[in-house]
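Here is how the chains run, residue by residue.
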Amino acid sequence: METMKKILPVALTAAAVVSGVSAAEGTPVVWGPCPADVAKPGLQCSTLELPLDYRHPDGRTITVAMSRLASAKPAQRRGVLLVNQGGPGLTGLGFPVSLVAAGLPQKVRDTYDVIGFDPRGVGHSTPMTCDMTPAQTVESVNPPFPHGPADVAKAAEAAKTVARQCTTSETAAVLPFITTANTARDMDRIRAALGEPKLSYYGDSYGTYLGAVYTTLYPQRSDRIVLDSSLGPEGYDAEALRSQGLGFETRFPDFAEFAAADPAQYGLGATPAAVRAKYFELAERLDRAPAQGYDGTTFRTITAALLRSDAALPALAKLWHKLDVNEPVSPATGSRAGSDNFAASYLAVVCGDSRWPQAVGTYQRDVAIDRVRYPMYGPYAANIRPCAFWPAPVEPRVRISGHGPANVLMLQNLRDPATPVPEALRLRVAFGDRARLVTADQGGHVAYLNGTNQCGNDAVSDYLATGNLLAHDTFCPA
């Protein structure tokens, strides 16, 4: 999801590291060292040359970089587990190593070669750019918090400029084809190149939509599919972004209770209500007079980002306290420096997957509505983005359905600020009997290996290792 994601550097391509190979069925993949920025012990990398436009598979090609953590027990190996950490726009070559560091169980590691990849348009794959300035790089995905219709109109002008830059940049010809459906097609070419009849998959956040599209397009080539912290069946569209207003309000009481439990240390109030009031006080103060690189928008978006993990709540409380008493703080993440690749590829996918509302008045109305419904974060999430001025998608959105085997396991935190429960429930309905949903009574974004609910972790690990899908939806108490 988009809130204050780190802007990621772009290498030329992984072709500088290993030779690209054909994606034909059964063609051996040549594995070699990984690019220096993702190199880790045991991690190997390679590239594939894949069609830019699958409607014309013999036309122009792009490079997609992939990585492998091989199973240490080939005799127990079932196949490959492709993994994606969401975004869109985030690199993925290092994600297999990150999962192992987070505690991916040995029984899962033994069962699969874990395969990461930089999606098309991203990082070491053929990268996107919109020729954005450093300020545009941040504000294209994090526009200023809107206080009224005039702020939305001002954001619209900036968004229109970015959209024009994206459609006229040096990578503009690639732009229409950086979509979820095409990335799913790339995944199936990866499967074929690895000589695997089926593909198992773990994806979180936006990666859930990517996995849902893959298993809808290729149900008979899908083995064990795990979707963690799900978007709705329409993917990352305007309504999915607006849902973060609800997610923030649902999650915030966890932080308010935490901070209020130690008023002597944090000084944010002795009750959850006082902590909530402090949020509005600090945001409005920083709107009027930014301090130490934090304005009201930065304060709100960093708060939303740190709400995604219980482990980050102490750091969030300390940051609030320092801003409140004007003590020195660390620079805000998402600095205005470096490549625009994350922002460009993020926009390519979310704007290119579906048609967003085009009228500025629609966003002005939505901001006004969500200021009442979800005052903490709703106006920000409802504000206009460059997608309002994007060309029409090149193909219809994939319709997620229940056609296919019962092989989808969904895991969802009850108080997820980025992909709230109603979105997961709608995806669950769309899958019908294909899916089972495990709901964990905990807060934060991304449930697997990222919280203390062992019931949820065990459900995913056991399914990946054994293939035994739960008989019915399950609730995991705190």
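## Focus on helix α10 (residues 296–306)
Link 1 in the chain: With nine of 11 residues buried, α10 lies mostly within the body of the structure.
Link 2 in the chain: Taken together, the buried positions of α10 are occupied by G296, T297, T298, F299, R300, T301, I302, T303 and A304.
Link 3 in the chain: Packing partners of the buried residues in α10 comprise α7 (238–260), α9 (272–288), α11 (313–325) and α14 (378–382).
Link 4 in the chain: Between the side-chain oxygen at the start of α10 and the backbone nitrogen of T297 there is a gap of 3.2 Å, and the oxygen is on D295.

## Quick look at the pattern of salt bridges
Link 1 in the chain: Evaluation of the coordinates by the stated rule reveals 30 salt bridges.
Link 2 in the chain: In this structure, the salt-bridge partner of D366 is R242, at a minimum N-O distance of 3.4 Å. Of this pair, D366 sits in helix α13 (residues 360–373) while R242 is found in helix α7, placing the two residues 124 residues apart along the sequence.
Link 3 in the chain: Judged by its relative accessible area of 5%, D366 is buried.
Link 4 in the chain: In this structure, the salt-bridge partner of R285 is D324, at a minimum N-O distance of 2.9 Å. In this pair, R285 sits in helix α9 while D324 sits in helix α11, placing the two residues 39 residues apart along the sequence.
Link 5 in the chain: Judged by its relative accessible area of 18%, D324 is buried.

## Some remarks on unusual backbone geometry
Link 1 in the chain: Between G87 and the following residue, P88, the backbone shows a cis peptide bond with an omega angle of -10°.
Link 2 in the chain: Structurally, P88 is set in the loop between β4 (79–84) and α1 (95–102).
Link 3 in the chain: Of note in this structure, D131 is not a glycine but carries a positive phi near 55°.
Link 4 in the chain: Relative to the elements of secondary structure, D131 occurs in the loop between β5 (112–117) and α3 (134–139).
Link 5 in the chain: For V446, which is not glycine, the phi dihedral falls at a positive 80°.
Link 6 in the chain: Among the structural elements, V446 can be located in the loop between β9 (435–443) and α16 (454–466).

## Some remarks on the packing of helix α5 (residues 180–193) against helix α6 (residues 206–217)
Link 1 in the chain: Two numbers describe how α5 lies on α6: the axes approach to 9 Å, and their chain directions differ by 65°. Here α6 runs roughly perpendicular to α5, going by the angle between their axes. Both α5 and α6 take part in a crossing whose hand is right-handed. Contacts from T180, A181, T183, A184, M187, D188 and R191 in α5 reach Y206, Y209, L210, V213, Y214 and L217 in α6.
Link 2 in the chain: Here the residues of the contact of α5 with α6 sort into nine nonpolar, two polar and two charged.

## Notes on the pairing of β4
Link 1 in the chain: When you tally the buried positions in β4, you get six out of six residues, the bulk of the element.
Link 2 in the chain: For β4 and β5, the ladder comprises four bridges, and the chain directions are parallel. Paired with G79 across the strands is Y112, a residue of β5.
Link 3 in the chain: Direction of pairing for β4 relative to strand β6 (residues 199–204): parallel, over a ladder of four bridges. Its bridge partner being in β6, L82 is matched across the sheet by Y201.

## Overview of the nonpolar core
Link 1 in the chain: Grouped together as the largest cluster of nonpolar side chains are 76 residues, with contacts concentrated most on L227, L347, M410 and F431.
Link 2 in the chain: Here this core takes nine residues from helix α12 (residues 341–353), the largest share from any one element.
Link 3 in the chain: In contact with F431, not counting residues within four places along its chain, are A212, T215, T216, L227, I400, S401, G402, V408 and M410.
Link 4 in the chain: Counting 31 residues, the second-largest nonpolar core is a separate cluster that includes L69, L409, Y448 and L449.

What counts, and at which threshold
Residues numbered from 1 in each chain as written. Predicted model: local features only at pLDDT ≥ 70, side-chain atom pairs only at ≥ 80, totals over all residues. Heavy atoms only, no water. Buried < 20%, exposed > 50% of the residue type's maximum accessible area, 1.4 Å probe, protein only. Helix = DSSP H or I, 4+ residues; strand = E, 2+ residues; numbered from the N terminus. Contact = heavy atoms within 4.5 Å. Polar contact = N/O pair within 3.5 Å; in protein donor to acceptor, adjacent residues only side chain to side chain. Salt bridge = Lys/Arg side-chain N within 4 Å of Asp/Glu carboxyl O. Axes fitted to C-alpha atoms, helices over the stretch in contact; angles between N-to-C directions. Parallel < 35°, antiparallel > 145°, perpendicular 65-115°, else oblique. Left-handed = near helix turned anticlockwise from the far one by under 90°. Nonpolar A, V, L, I, M, F, W, Y, C, P; charged D, E, K, R; others polar. Pairing = 2+ DSSP bridges. Core = buried A, V, L, I, M, F, W, Y, C linked by side-chain atoms within 4.5 Å.

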